[in-house]
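Coordinate analysis (summary)
Here is what each chain is made of, one letter per residue.
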Amino acid sequence: MRGLMMDFPLTLKHILQHNERLYGKKEVVSRTEAGVHRYTYADFQKRVRKLANVLQRLGVKRGDRVATFAWNHYQHLELYFAVPCIGAVLHTVNIRLFPDQLVYIFNHAEDKLVFVDPSLIPLLERVADRLKTVEQYVVMGSGAIPETSLAPVLAYEELMADAPEDFEFPDLDEWDALGLCYTSGTTGNPKGVLYTHRAIFLHTFASAMSNTLNISERDVIFPVVPMFHANAWGLPFTAVMVGAKLVFPGPFLKPQDMAQMIQDERVTVAAGVPTLWIGLYHALKGGSYDISSLRALIVGGSAAPRALIEGFEKDFGVPIAHAWGMTELSPLGTVANLKSYMEEWPEEERYRVRAKQGMPVAGIELRIADEQGNPLPWDGKTMGEVQVRGPWVVSAYYNDPEASKDAFTPDGWFRTGDVATVDPEGYMEITDRTKDLIKSGGEWISSVQLENLLMAHPKVMEAAVIAVYHEKWQERPLAVVVPVPEHKDDITKEELIEFLRPQVASWWLPDDVVFVEEIPKTSVGKFDKKVLREQFRDYQLPTE
Ligand code: ADP
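What counts as what
Residues numbered from 1 in each chain as written. Predicted model: local features only at pLDDT ≥ 70, side-chain atom pairs only at ≥ 80, totals over all residues. Heavy atoms only, no water. Phe/Tyr/Trp six-rings, centres within 6.5 Å; stacked < 30°, edge-to-face > 60°. Helix = DSSP H or I, 4+ residues; strand = E, 2+ residues; numbered from the N terminus. Buried < 20%, exposed > 50% of the residue type's maximum accessible area, 1.4 Å probe, protein only. Lys NZ or Arg CZ within 6 Å of the ring centre and 35° of its normal. Core = buried A, V, L, I, M, F, W, Y, C linked by side-chain atoms within 4.5 Å. Contact = heavy atoms within 4.5 Å. Salt bridge = Lys/Arg side-chain N within 4 Å of Asp/Glu carboxyl O. Axes fitted to C-alpha atoms, helices over the stretch in contact; angles between N-to-C directions. Parallel < 35°, antiparallel > 145°, perpendicular 65-115°, else oblique. Nonpolar A, V, L, I, M, F, W, Y, C, P; charged D, E, K, R; others polar. Pairing = 2+ DSSP bridges. Lys, Arg positive; Asp, Glu negative; His and termini not counted. Disulfide = S-S within 2.5 Å. Right-handed = clockwise from strand over helix to strand, strands pointing away.

Structural notes on the packing of aromatic side chains
Under the definition given, this model contains 16 aromatic pairs. Each ring, one from Tyr281 and one from Phe316, has its centre 5.6 Å from the other, and the planes form 75°; the classification is edge-to-face. Pair noted here: Tyr281 is in helix α10 (residues 274–286) and Phe316 is in helix α11 (residues 306–316), with a separation of 35 residues, a long-range link. Given the relative accessible area of 15%, Tyr281 is considered buried. On the basis of an interplanar angle of 55° and a centroid distance of 6.5 Å, the ring pair of Tyr341 and Trp345 is categorised as tilted. Accessibility expressed as a relative area gives 43% for Tyr341, which makes it partly exposed. Here the aromatic residues Tyr41, Phe44, Tyr80, Phe81 and Phe237 are joined through ring pairs into a cluster of three or more. Over the face of the ring belonging to Trp413 we find Arg367, whose NZ or CZ atom lies 4.2 Å from the ring centre.

In structure tokens:
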């Protein structure tokens, strides 16, 4: 028997309109190259309608892909809503990709129009003559368009100036495409994920829940995670829905800049990858910023080292909410919130739980499976591939049958390529990406666990562990370590190995430790193990 409820499509327009009716007085603050920009959601709403008119005047039709090539700021936010709400597809392009990857992505997505930040024009100029479908470029910012070879080129604010303020957003189907985002290619070619309105609508609701990221109107949200990295984890949508003040960093991502912004705007929730917060932690230690407004740091994208979780909480009273996600999951999959009764647990156990990637968000079904696809027990010990289903999980890669072929199990679960355990309480702990596991004599060593332990050593700032070829064991772990600056001359391999020895099985101990000034990072700020493995391809491990 079918129920009797309205047929009400779950589209972004409703989130936009909800904000318009209720939160017009709340602010959106952006740090831009021209200074700090501030306006209200009422201004934002007016400009989204103007932008919708601009897009139509530029010939954007339903289903057309409109690319952005930009930092996090208010104009980018306007595009986040105007493009999908007229029925076009918002394609957020990662500005840090290599030229060949950019060419691949623009051409594969068949973008018609590109909105670009003035400071990023040079990056586009390098590839523009290879872009087959782009018809015009629109330069954002507020000043005159810089000298450029991009053509034809228009100025965002000039187009906006004389655009009408009225616009009736169409009724769309909830299955219509809203956005397109390519995985940054940590593990191969970029693959396109085409989000539906329905997926983003449901993801937005789920992410705001107290059991998830716990975001409300009272928050001041600081998405440091780029708007080209899995929609800044959906935070622009969530903040607009709940009417939270939004604070954007623009291109200013240095630890001191972030600390200043948190202090000035009284940020309550900031979100980004661990490497950012490792930097912030050291800046806070050495500076005198008032970050007392901060009540949570959302950390994901790669494993949040336990030392970072403990450090922020003990030294600054800021809890870290550790989350796991993927571009393919819009991106939220799990969050490590404690259950109420765990608050009573001994500190050691509480940190152990919080350093895990956490429990599935309501709406996401999660299992771990062996190589034959058999589900494995949630005993906290058995490792298997993480597989998921849910209303905001990708069903196929965009125009990419080859990549889609191996991405799903025969019974329709998405294969994440991550390896994890799940404990009886339902907390998942990622042990590695399948490709990063170290296979030593047929057994698996988790590079992530070794990294986390190493990063808890007071002399270590960053540590990445990779597999290096070994004649007898096929692969053995090599630790690549960036020391804390004050200890760069008095840190030794021996003390790090001795530090690990009581904490891991002896055959897990890295065969060698090398000290470096920097670990290569991917375009979204994760340790780039692909590059690291290449750098150390011919590394000779000591023979005893
Ligand atoms: P890319 O594949 O380019 O890195 P994503 O940002 O979509 O792009 O990466 C998703 C992957 O990042 C996950 O499959 C997982 O391997 C890793 N990841 C995300 N969050 C975490 C986390 N909290 N802990 C460990 N790994 C994580």
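Next comes the rest of the description.
Notes on the nonpolar core
If you look at the biggest cluster of nonpolar residues, it comprises 153 residues, and the most contacted ones within it are Phe81, Phe115, Trp277 and Phe312. Take this core: its biggest share by element is eight residues, from helix α3 (residues 74–85). Filtering out sequence-adjacent residues up to four positions away, Trp277 remains in contact with Val224, Met258, Ala270, Ala271, Gly272, Leu297, Ile298, Val299, Leu308 and Phe312. Of all hydrophobic cores here, the second largest spans 28 residues; its members include Val89, Val103, Val134 and Phe228.

Quick notes on the pattern of salt bridges
Within this structure, the stated rule accounts for 40 salt bridges. The closest approach of N and O atoms between Lys459 and Asp490, which form a salt bridge, is 3.9 Å. Taken together, the residues span a long stretch of sequence, with Lys459 in the loop between α14 (447–454) and β23 (460–470) and Asp490 in the loop between β24 (474–483) and α15 (493–500) at a distance of 31 residues. A relative accessible area of 16% places Lys459 in the buried class. One salt-bridge network, held together by shared partners, links Arg306, Glu310, Lys314, Glu347 and Glu348.

Some words on the packing of helix α1 (residues 12–22) against helix α8 (residues 235–242)
Two elements in contact, α1 and α8, have axes separated by 7 Å at closest approach and are oriented at 45°. As the angle between them shows, α1 and α8 are arranged oblique. Of α8, the residues touching α1 (which contributes Leu12, Ile15, His18 and Asn19) are Phe237, Val240 and Met241. The class makeup of the residues in the contact of α1 with α8 is five nonpolar, two polar and no charged.

Details of the sheet that holds strand β18 (residues 384–389)
Strand order across the open sheet formed by four strands is β17-β18-β19-β20, with antiparallel pairing between neighbours. What marks the edges here is a single partner per strand, and that holds for β17 (365–369) and β20 (428–433). Each strand axis lies, on average, 45° off the axis of its neighbour in the sheet, ignoring direction. Examined bridge by bridge, β18 and strand β19 (residues 414–422) share four bridges and lie antiparallel to one another. In the strand pairing of β19, Gly384 is matched with Ala420.

Focus on the side chain of Lys191
Take Lys191: it is sitting in the loop between β8 (177–182) and β9 (192–196). Among buried Asp, Glu, Lys and Arg side chains, Lys191 stands out as unpaired, with Glu328 the closest opposite charge at 4.9 Å. Aside from chain neighbours lying at most four places away, what touches Lys191 is Cys181, Tyr182, Thr183, Tyr397, Asp400 and Ala403.

Here's the deal with the sheet that holds strand β7 (residues 153–155)
If you trace the seven strands from one edge of the open sheet to the other, you get β7-β6-β5-β3-β4-β8-β9, paired in mixed fashion. Two strands close off the open sheet at either side, each with one partner strand: β7 and β9. Each neighbouring strand pair of the sheet contributes to a mean axis angle of 25°, computed without reference to strand direction. Relative to β9, β8 is paired through five bridges, and the arrangement is antiparallel. From the neighbouring strand, Gly179 faces β9, where its bridge partner is Tyr195.

Thoughts on the state of the cysteines
Within this structure, the stated rule accounts for zero disulfides. Of all cysteine sulfurs, the one in Cys181 lies closest to Cys85, which takes part in no disulfide; the gap is 18 Å. The class for Cys181 is buried, based on a relative accessible area of 1%.

Here we look at the pairing of β24
Looking along a regular strand, one sees side chains alternate from face to face of the sheet. With eight of ten residues buried, β24 lies mostly within the body of the structure. Here ten bridges tie β23 to β24, and the two strands are oriented antiparallel to one another. Paired with Ala467 across the two strands is Pro477, which belongs to β24. Count of turn residues in the β23/β24 antiparallel hairpin: three residues. In terms of strand pairing, β24 meets strand β25 (residues 512–515) through four bridges, oriented parallel. What sits directly across from Leu478, in β25, is Asp512. As a crossover connection, the stretch from β24 through α15 into β25 is right-handed.

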